[in-house]
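What the coordinates show
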Amino acid sequence: MVTMEDYHLDTEIEWCPGCGNFGILKSIKKALINLGISPHEVLIVSGIGQAGKLPHYMKCNTFNGLHGRTLPAATAAKLTNHELTVITVSGDGDTYGEGGNHLIHTIRRNPNITSIVHDNQIYGLTKGQASPTSEVGMKTKVQTHGVFNTPLNPLALAIALDCSFVARGFAGNIEHLTNILTEAIQHRGFALVDILQPCVSFNKLNTFKWYAERVYRLDEDGYIPDNRITAFERALEWGEKIPIGVFYKKEKAIMEDGFSVLKDGALIKKQKNHSIIEELIDSFI
Ligand SMILES: Cc1ncc(C[n+]2csc(CCOP(=O)(O)OP(=O)(O)O)c2C)c(N)n1
Ligand code: SF4
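What you are looking at is a predicted structure, and each value in this text was computed from that prediction instead of being measured. (Residues numbered from 1 in each chain as written. Chains lettered and ligands numbered in written order. Predicted model: local features only at pLDDT ≥ 70, side-chain atom pairs only at ≥ 80, totals over all residues. Heavy atoms only, no water.)

1. Examining the site of ligand 1
- Near ligand 1, the surroundings consist of 16 residues, among which Gln50, Gly93, Asp94, Gly124 and Leu125 are the closest.
- In the model, an oxygen atom of ligand 1 is placed 2.8 Å from a nitrogen or oxygen of the Gly124 main chain.
- At 2.9 Å from an oxygen atom of ligand 1 is found a main-chain nitrogen or oxygen belonging to Leu125.
- Relative to its unbound accessible area of 580 Å², ligand 1 is 77% covered by the protein chains. (Near = heavy atom within 4 Å. Polar contact = N/O pair within 3.5 Å; in protein donor to acceptor, adjacent residues only side chain to side chain. Areas by Shrake-Rupley, 256 points an atom, 1.4 Å probe, with all protein chains shown as cover.)

2. Details of the packing of aromatic side chains
- Per the counting criterion, the structure on display carries six aromatic pairs.
- Geometrically, the ring pair formed by Trp15 and Phe22 is edge-to-face, given 5.4 Å between the ring centres and 85° between the ring planes.
- A relative accessible area of 31% means that Phe22 is categorised as partly exposed.
- Ring-pair connections join several aromatic residues into one group, and the members of that group are Phe170, Phe208, Trp210, Tyr211 and Trp238.
- The positively charged end of Lys241 is found above the aromatic ring belonging to Tyr216, 4.6 Å away from the centroid. (Phe/Tyr/Trp six-rings, centres within 6.5 Å; stacked < 30°, edge-to-face > 60°. Buried < 20%, exposed > 50% of the residue type's maximum accessible area, 1.4 Å probe, protein only. Lys NZ or Arg CZ within 6 Å of the ring centre and 35° of its normal.)

3. Digging into the site of ligand 2
- With respect to spatial proximity, the complete set of residues near ligand 2 consists of Trp15, Cys16, Cys19, Gln50, Asn120, Gln197, Cys199, Val200, Ser201 and Phe202.
- A class-by-class count of the residues in the shell around ligand 2 yields six nonpolar, four polar and no charged. (Nonpolar A, V, L, I, M, F, W, Y, C, P; charged D, E, K, R; others polar.)

4. Here's the deal with the sheet that holds strand E1 (residues 42-46)
- The eight strands are arranged E2-E1-E3-E4-E6-E5-E8-E7 in an open sheet whose pairing can be described as mixed. Each edge of the sheet is formed by a strand with only one pairing partner; in this case those strands are strand E2 (61-64) and strand E7 (215-217). Neighbour to neighbour, the strand axes of the sheet diverge by 20° on average, direction disregarded.
- Sheet topology note: the strand E4 (residues 113-119)/strand E6 (residues 191-196) ladder contains six bridges and is parallel. Along E6, the bridge assignment pairs Val117 with Asp194. (Pairing = 2+ DSSP bridges. Helix = DSSP H or I, 4+ residues; strand = E, 2+ residues; numbered from the N terminus. Axes fitted to C-alpha atoms, helices over the stretch in contact; angles between N-to-C directions.)

5. Concerning the packing of helix H2 (residues 21-34) against helix H7 (residues 174-186)
- Running from N to C, H2 and H7 cross one another at 50°; their axes reach a closest spacing of 8 Å. By the criterion of interaxial angle, the relationship of H2 to H7 is oblique. Relative to H7, H2 is oriented so that their crossing is right-handed. Where H2 approaches H7, its residues Gly23, Ile24, Lys26, Ser27, Ile28, Lys30, Ala31, Leu32 and Asn34 are matched on the opposing element by Ile174, Leu177, Thr178, Leu181, Thr182 and Ile185.
- When its residues are assigned to classes, the contact of H2 with H7 shows eight nonpolar, five polar and two charged. (Parallel < 35°, antiparallel > 145°, perpendicular 65-115°, else oblique. Left-handed = near helix turned anticlockwise from the far one by under 90°. Contact = heavy atoms within 4.5 Å.)

6. Regarding helix H3 (residues 70-80)
- Taken residue by residue, H3 has Thr70, Leu71, Ala74, Thr75, Ala77 and Lys78 as its buried positions. Projected down its long axis, H3 shows its buried positions confined to an angular sector of 165°, all on one face.
- Packing partners of the buried residues in H3 comprise E1, strand E3 (85-91), helix H4 (92-98), helix H5 (100-109) and E4. (Arc of directions from axis to C-beta.)

7. Regarding the environment of Ala191
- Here Ala191 lies in strand E6.
- The exposure class of Ala191 is buried, given its relative accessible area of 0%.
- Linking Ala191 and Lys249, residues 58 residues apart in sequence, is a C-alpha distance of 8.7 Å.
- Among all residues touching Ala191, those that are not within four sequence positions of it are Ile113, Thr114, Ser115, Phe165 and Ala184.

8. Re the nonpolar core
- Residues Ile28, Leu32, Leu54 and Met58 are the most contacted members of the largest nonpolar core, which totals 31 residues.
- Contributions of two or more residues to this core are made by H2, E1, E3, strand E5 (165-170), H7 and E6.
- Beyond its immediate sequence surroundings of up to four residues, Met58 is in contact with Tyr7, Leu9, Leu25, Ile28, Lys29, Leu32 and Ile44.
- Counting 27 residues, the second largest nonpolar core, distinct from the first, contains Tyr96, Ile107, Ile159 and Leu218. (Core = buried A, V, L, I, M, F, W, Y, C linked by side-chain atoms within 4.5 Å.)

All quantities given are derived from atomic positions and should not be read as evidence of function.
Below, the structure is given as structure tokens:
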């Protein structure tokens with residue numbers, strides 16, 4: 001049986017006390033344990049940011065690459081060894097800003113990857129500039145007169161692109177978030193899970209209290225996540241009431257299905273003809 005201890009790494013966690021990232025870290029471990037997935041079967045890919053540090057705090061396969069580039073790195077890893085459970089963790093700046101183009105095209109490709117976005121509506125690591133999801137009017141040390149760009153709505157974007165799994169969790173509700181992540185990891189296809197993650201140091205507007213007063217659970221509202229139009233309507237809800245849960249789910253062909261070479265096992269396990277590889281590399285020199 002897989003336990004929390006199996007995923008435990010004895011390293012100092014460099015997040016601020018009270019940061020929403022702690023709830024996300026715990027929920028990811030619990031979801032993997034729920035599914036009986038062992039650390040050697042998991043790859044967590046991250047970029048740069050506070051969210052990007054998460055793989056440093058888990059014992060499993062990890063890759064910490066460039067800001068904004070989690071999804072192409074994860075896609076390549078998935079193609080190389082599609083037997084791995086591949087999860088990305090990244091901030092709202094990383095995923096929806098610099099990595100926005102990758103998000104759009106990864107949704108189109110539909111690899112069997114779970115993308116977990118720590119959405120604190122701010123750039124945390126670089127000390128509090130506005131991100132693509134910051135509220136209009138929010139004042140920061142850079143946006144001194146308040147943000148005036150329209151915030152990106154990641155769920156509406158994903159649903160518009162017919163993403164095969166779209167959900168939102170709240171870092172302040174670990175049990176519910178664990179259920180969402182369990183379902184997302186189990187889902188066959190690209191799963192986007194946007195998580196409301198309070199940044200206690202730099203986002204004084206969207207606090208635990210602010211979210212807790214507004215979130216409501218879709219599953220307790222009789223909502224069924226099988227209709228793209230109603231999913232889109234729910235994704236537009238924001239303000240006094242903020243829905244959390246699974247918005248949309250659809251079975252679709254995944255990227256891996258398109259590669260016949262993957263049908264009889266992972267690429268990484270296949271016999272390699274080194275002379276062909278060397279010839280190929282030489283042709284570029
Ligand atoms: C290619 C590149 N662009 C920009 C940066 C600077 N940078 C580092 S983290 C970051 C934003 C962090 O915000 P977010 O992705 O939302 O993650 P958080 O720290 O809030 O978890 C930026 C702009 C970088 N390190 N590399
Ligand atoms: S700066 Fe914000 S996001 Fe980063 S660790 Fe501190 S509270 Fe968390």
